[in-house]
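Residues per chain, in single letters:
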Amino acid sequence: MPIFEKSSESSVTRAIISQFAKDMDGFADTDVIIIGGGPSGLMAARDLALKKVRVLVVERNNYLGGGFWIGGFLMNTITVRAPAQKILDELGVKYKMYEKGLYMTPGPLACSKLISAACEAGVSILNMTSFDDIILREKNRVAGAVINWTPVGALPRQITCVDPVALESKLVIDATGHDAMVVKKLEERGLIKTQGFGAMWIEKSEDAVVEHSGFCHPGLIVTGMAVSTTYGLPRMGPTFGSMLLSGRRGADVAYKHLKGKK
Amino acid sequence: MSHTSTSRARSRVLRSIELFRPENRELRNLSSVRSYLGSLFPSVKVQLRPPIAETLDGDLLDSLASSLASARVKDPTMPRQKFEPMYGEIDYERRVLDGEARAGGLVYDGRALEDVFSRLLKPSTDQALIVITDRLISTFSTDDVRHHLRTVVCGFPNIVSVPGIVEAPARPREYYLMRQELEVQGAGQLRLEQLKRSFKDRFMDYGDSRTIEVVKGLALQAVFFHFTLDPFCGNRDCRFFNAHWQEDLIRSQIESGGLCKRHARAIKALGARPELEW
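Please read all numbers here as calculations on a predicted model, not as lab measurements.

*Asks:* Would you mind showing me how to read the overall build of chain A here?
*Replies:* The helix and strand inventory of chain A stands at nine helices and eleven strands. For 262 residues, the compact-globule estimate of 2.2 N^0.38 gives 18 Å, and chain A sits close to it at 19 Å. Principal axes of the C-alpha set define a box for chain A whose edges measure 60 × 55 × 40 Å. Counting the 262 residues in chain A, one finds 50% classified as buried. Excluding contacts between residues fewer than 6 apart, the proportion of contacts in chain A whose partners are at least 24 apart in sequence is 66%. About 12,800 Å² of surface is accessible on chain A, with carbon and sulfur atoms providing 56% of the total. Averaging the positions of the 31 positive and the 26 negative side-chain charges in chain A gives two centres separated by 4 Å.

*Asks:* Please explain the pattern of salt bridges as it appears in this structure.
*Replies:* Pairs may arise between side chains of opposite charge once their charged atoms sit close together. All names here are of chain B. One pass over the structure, following the stated rule, counts 37 salt bridges over all chains. Its salt-bridge partner being R72, residue E89 comes within 3.6 Å of it at the nearest N-O pair. Placement of E89 in helix α3 (residues 87–97) and of R72 in the loop between α2 (58–70) and α3 is noted, with a sequence separation of 17 residues between them. E93 is paired through a salt bridge with R72; the nearest N and O atoms lie 3.2 Å apart. Within this pair, whereas E93 is found in helix α3, its partner R72 is found in the loop between α2 and α3, the two being separated by 21 residues in sequence. What you see here is one network of salt bridges that share partners, running through E23, R72, K74, E89, E93 and R135.

*Asks:* How should I be thinking about the environment of F117(B) in this particular structure?
*Replies:* Residues and elements named next belong to chain B. You can see F117 is positioned in helix α4 (residues 110–121). Along the chain, F117 and E247 lie 130 residues apart, while their C-alpha atoms are 31 Å from each other. Here F117 is in contact with I52, L68, K122, V131, P157 and I159, once residues within four sequence places are set aside.

*Asks:* Would you mind going over the packing of aromatic side chains with me for this structure?
*Replies:* How two aromatic rings sit relative to each other is given by the distance of their centres and the angle of their planes. One pass over the full model with this rule turns up nine aromatic pairs over all chains. A ring pair is formed by F156(B) and F225(B), whose centres lie 5.6 Å apart and whose planes are at 45 degrees; its orientation type is tilted. With F156(B) in the loop between β9 (152–153) and β10 (158–161) and F225(B) in helix α8 (residues 211–228), this pair connects stretches of sequence that are 69 residues apart. Following the ring pairs from residue to residue traces out a cluster consisting of Y175(B), Y176(B), F199(B) and F203(B). Taking the ring centre of Y255(A) as reference, the NZ or CZ of K51(A) above it sits at 4.7 Å. A cation sits over an aromatic face here: R171(B) above F203(B), 4.3 Å from the ring centre.

*Asks:* Help me out: how do you make sense of the environment of K94(A) in this one?
*Replies:* All names here are of chain A. Relative to the helices and strands, K94 is located in the loop between α3 (85–91) and β4 (96–99). We classify K94 as exposed; its relative accessible area is 69%. Ignoring anything within four residues of it in the chain, the contact list for K94 reads T105 and L109.

Rules of the game
- Residues numbered from 1 in each chain as written.
- Chains lettered and ligands numbered in written order.
- Predicted model: local features only at pLDDT ≥ 70, side-chain atom pairs only at ≥ 80, totals over all residues.
- Heavy atoms only, no water.
- Helix = DSSP H or I, 4+ residues; strand = E, 2+ residues; numbered from the N terminus.
- Rg over C-alpha atoms; globule rule 2.2 N^0.38 Å.
- Buried < 20%, exposed > 50% of the residue type's maximum accessible area, 1.4 Å probe, protein only.
- Contact = heavy atoms within 4.5 Å.
- Areas by Shrake-Rupley, 256 points an atom, 1.4 Å probe, with all protein chains shown as cover.
- Lys, Arg positive; Asp, Glu negative; His and termini not counted.
- Charge placed at Lys NZ, Arg CZ, Asp CG, Glu CD.
- Salt bridge = Lys/Arg side-chain N within 4 Å of Asp/Glu carboxyl O.
- Phe/Tyr/Trp six-rings, centres within 6.5 Å; stacked < 30°, edge-to-face > 60°.
- Lys NZ or Arg CZ within 6 Å of the ring centre and 35° of its normal.

Below, the structure is given as structure tokens:
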């Protein structure tokens, strides 16, 4: 007796296409599009989805999690400083206290739990999908993203005449890390001037990244290391606690905006 | 108000020293600083004031937030630059002023901040104004063409930076060498606190109980500047020593905690007769 039930290739194909088409239909007009599926983007996505906000994460790689899989110097123990361990508690990530206020956990455990938490909260994800451009509306408000398959960008131009598609949203969150790709699109149009990294290293720079997470332009929120690039904040090492808290703050700002509180 | 004028010299009595509290709450209790200054200048009224933002509202607060955002140092190798602040920068400054966000991790041009505060406080010679801030402040040096963090920027008003006490004077050389070694090993974050503990007492850290002692010395330096426009001393055991190293800061402000003979005499004389002459 076979292990698996009988099915046909055509049924498998129809299942994939029909679900994907249904998903894309929903993505065409959603509440929040988050560009970048690293720790700050996933954290923001998860918090918003838990509040019943429709969220789509666009990730250019096949895998989610960005740099959260691994710590400094390719060693996969990651550290977070208090109070970020409270987020690990929420995600069900086990960790050890290295010393008072400093906690460590395996990167693969923390990252997989965060991805799982985001998916279970109801976040939609388009992986292997690259951000191409922004949609602008009245007074240059950011109102969505133009996307394309990641492989399209990797092929020779003469065989990649694949036009992108546009997805509308009430808000966009730039969680693309150092590249600040969404903010850079505004800069290309002369609508904003980013500062690049600050040269000085100061202990409180993690705080500054969290505190600056929020709107940088109408319709556009910036979180994670993209905050550093946008505002020229001091360069930091791998500080995942601030990425998680930055994502949470971005979600909070977005939620208040959507609910008309601010 | 005592005010004399001759063809050769003019003088004015210092009536009060005004200490403005920082925005964050960690160092709000400045009563020992008030007592210290009061003991040295018994005839001068020393007053603790709320953070500047608490005396403003509405448009003035928005304007202050915008001015503070414009006072940031964006490039430490460039002298004071004028730029249009971004929406998010102004929003952040406003939240700091409202107590919804914490100041930290950014550097502000000390002279630009002096201009901002000066417009609001309107300094005069009979009042020594000292703004205690949670912000890091710097001044540009033409000697090596870069900004340097400062513990105090003397001016009108004077600005004392609480985080500057931690970040401005350099830590012992060995600390930086060992930290670099840790970072190469990939253990910078994990063992940073241990490293700090091994240098305990050799530099000031955030939340250090000795901070208030340093603030006293810097506040006195600011008052002395108000009288003389010359706030520094070359003696490492004098509170007016311009410390570039943490160990010198600790020596001058805490271990010595006093003044050299010349400055002790000067402060005693000013305490008895608090007059500015020019």
